[in-house]
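# Overview (structure and organization)
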Amino acid sequence: MEKYLYFGVLLFAISYPLAQSFEHRIRYATKLGALFPGMVLTALFFIVWDVWFTRIGVWEFNPRYILGSYIFNLPIEEWLFFFIIPFACVFIYEVLIYFFPKDYFKPLGKPFVFVLIPVLLLLGILNLDKWYTSVNFIIGALTLLIHYLIFKDQYLGRFIFAYLIHLIPLMLCNGILTGGLTEEPVVIYNNAENLGIRIWTVPIEDTIYSMTLFLMNISFFEKFRSQKTIANLESLKSNEESPSTY
């Protein structure tokens, strides 16, 4: 049964969001048309990154805990990761919007960007000898910058709230994958390529990696959702202006 561990973690991560997708208040299933295009685009970016890092030895996957099916040297579970985890993260984002209509974290949006971007860039540049730290932090800073240039702080408060909440399941799931409950880790990190700072068994870099994955999905999701809303309004307006025929 060991070989099902990674797959089991993914099933655990998606089980509740999937079961609640048709819940009448959140109605998450009705938003999948805006979610999936961004998930695919984001997954393509991260899969290329993942293939590269696996090839150069930044991390590897323990065959003891995976099913054994590979695509471009990545286990099938790793491919599923980039769809299942964003699905669950955006679910958290939507649930918080419903239950907390007021954007309490909006005042933190600009400080979050103006502080974190230079910090991440500085740490990335100072650690160019560590692939995971440098690439991860620089990409995280650029993702934040691009998001802010496009959306300003419109969604940042909502994102920060959801991001902080998502750190709880992140630590649980990543803790299992990095050996917190097993003899050996599922994902084996080359510590020469990171800072060596861990929360439980999770590299500190994973918190930024997850932030980038989450924010990129939110950016696409909100962009596609707004486009869909505009298209629906224009269609409604067009129908109202069209003369009735009998």
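The paragraphs below set out a description of the structure included in this document. As the structure is a prediction and not an experimental result, all values here were calculated from the model. (Residues numbered from 1 in each chain as written. Predicted model: local features only at pLDDT ≥ 70, side-chain atom pairs only at ≥ 80, totals over all residues. Heavy atoms only, no water.)

## A few points about the environment of Tyr 70
If you trace the backbone, Tyr 70 turns up in strand E2 (residues 70-71). The class for Tyr 70 is partly exposed, based on a relative accessible area of 42%. The sequence separation of Tyr 70 and Trp 59 amounts to 11 residues, and the corresponding C-alpha distance is 15 Å. With residues near it in sequence (within four places) discarded, Tyr 70 still touches Pro 63 and Pro 75. (Helix = DSSP H or I, 4+ residues; strand = E, 2+ residues; numbered from the N terminus. Buried < 20%, exposed > 50% of the residue type's maximum accessible area, 1.4 Å probe, protein only. Contact = heavy atoms within 4.5 Å.)

## Some remarks on the pattern of salt bridges
Counted according to the given criterion, the structure contains 8 salt bridges. Salt-bridge contacts for Glu 23 lead to Arg 25; the nearest nitrogen and oxygen are separated by 2.6 Å. What you see here is one network of salt bridges that share partners, running through Glu 2, Arg 64, Glu 183 and Glu 184. (Salt bridge = Lys/Arg side-chain N within 4 Å of Asp/Glu carboxyl O.)

## Describing the side chain of Ser 210
Tracing the sequence through the fold places Ser 210 in helix H7 (residues 205-241). If sequence neighbours within four positions are ignored, Ser 210 has contacts with His 166 and Leu 170.

## Overview of the layout of surface pockets
Of the voids in this model, the largest pocket is the one considered here, and its volume is about 410 Å³. Along the wall of the largest pocket there are 22 residues; nearest its centre are Ala 13, Pro 17, Ala 88, Ile 92 and Pro 169. Those elements giving two or more residues to the lining of the largest pocket turn out to be helix H1 (5-19), helix H3 (76-99) and helix H6 (156-177). Sort the elements by how many residues they give to the lining of the largest pocket and H3 lands first, with 8 residues. Here the lining of the largest pocket is composed, by residue class, of 16 nonpolar, 4 polar and 2 charged. Computed from the structure, the second largest pocket encloses a volume of approximately 240 Å³. Phe 45, Ile 139, Leu 142, Thr 143, Ile 146, His 147, Ile 150, Phe 151, Met 216, Ser 219, Phe 220 and Lys 223 together form the lining of the second largest pocket. Elements supplying a minimum of two residues to the lining of the second largest pocket: helix H5 (131-151) and H7. (1 Å grid on protein atoms, 1.4 Å probe; cavity = no way out; pocket = protein on both sides within 12 Å on 5 of 7 lines; lining within 4 Å. Points joined across faces, edges and corners; volume = space filled by probe spheres on them. Nonpolar A, V, L, I, M, F, W, Y, C, P; charged D, E, K, R; others polar.)

## Description of H5
For H5, which comprises 21 residues, the first-to-last C-alpha distance of 30 Å matches the rise-based estimate of 30 Å (1.5 Å per residue) to within 8%. Downstream of H5 by one or two residues, Lys 152 has phi in the positive range, about 55°. (Expected span 1.5 Å × (residues − 1).)

## Describing the packing of aromatic side chains
In total, this model carries 29 aromatic pairs according to the counting rule given. Seen from their ring centres, Phe 53 and Tyr 132 are 6.3 Å apart, and the 85° between their planes marks the pair as edge-to-face. Here Phe 53, found in helix H2 (residues 32-55), pairs with Tyr 132, found in helix H5; they are 79 residues apart in sequence, far enough to count as distant. Classification of Phe 53 as buried rests on a relative accessible area of 0%. Relative to Phe 82, the ring of Phe 81 lies with its centre 5.2 Å away and its plane at 85°, an arrangement referred to as edge-to-face. The exposure classification of Phe 81 matches that of Phe 82, with both residues buried. Among the aromatic residues, those joined into a ring-pair cluster are Phe 45, Phe 46, Trp 49, Trp 52, Phe 53, Trp 59, Phe 81, Phe 82, Trp 131, Tyr 132, Tyr 189 and Tyr 209. (Phe/Tyr/Trp six-rings, centres within 6.5 Å; stacked < 30°, edge-to-face > 60°.)

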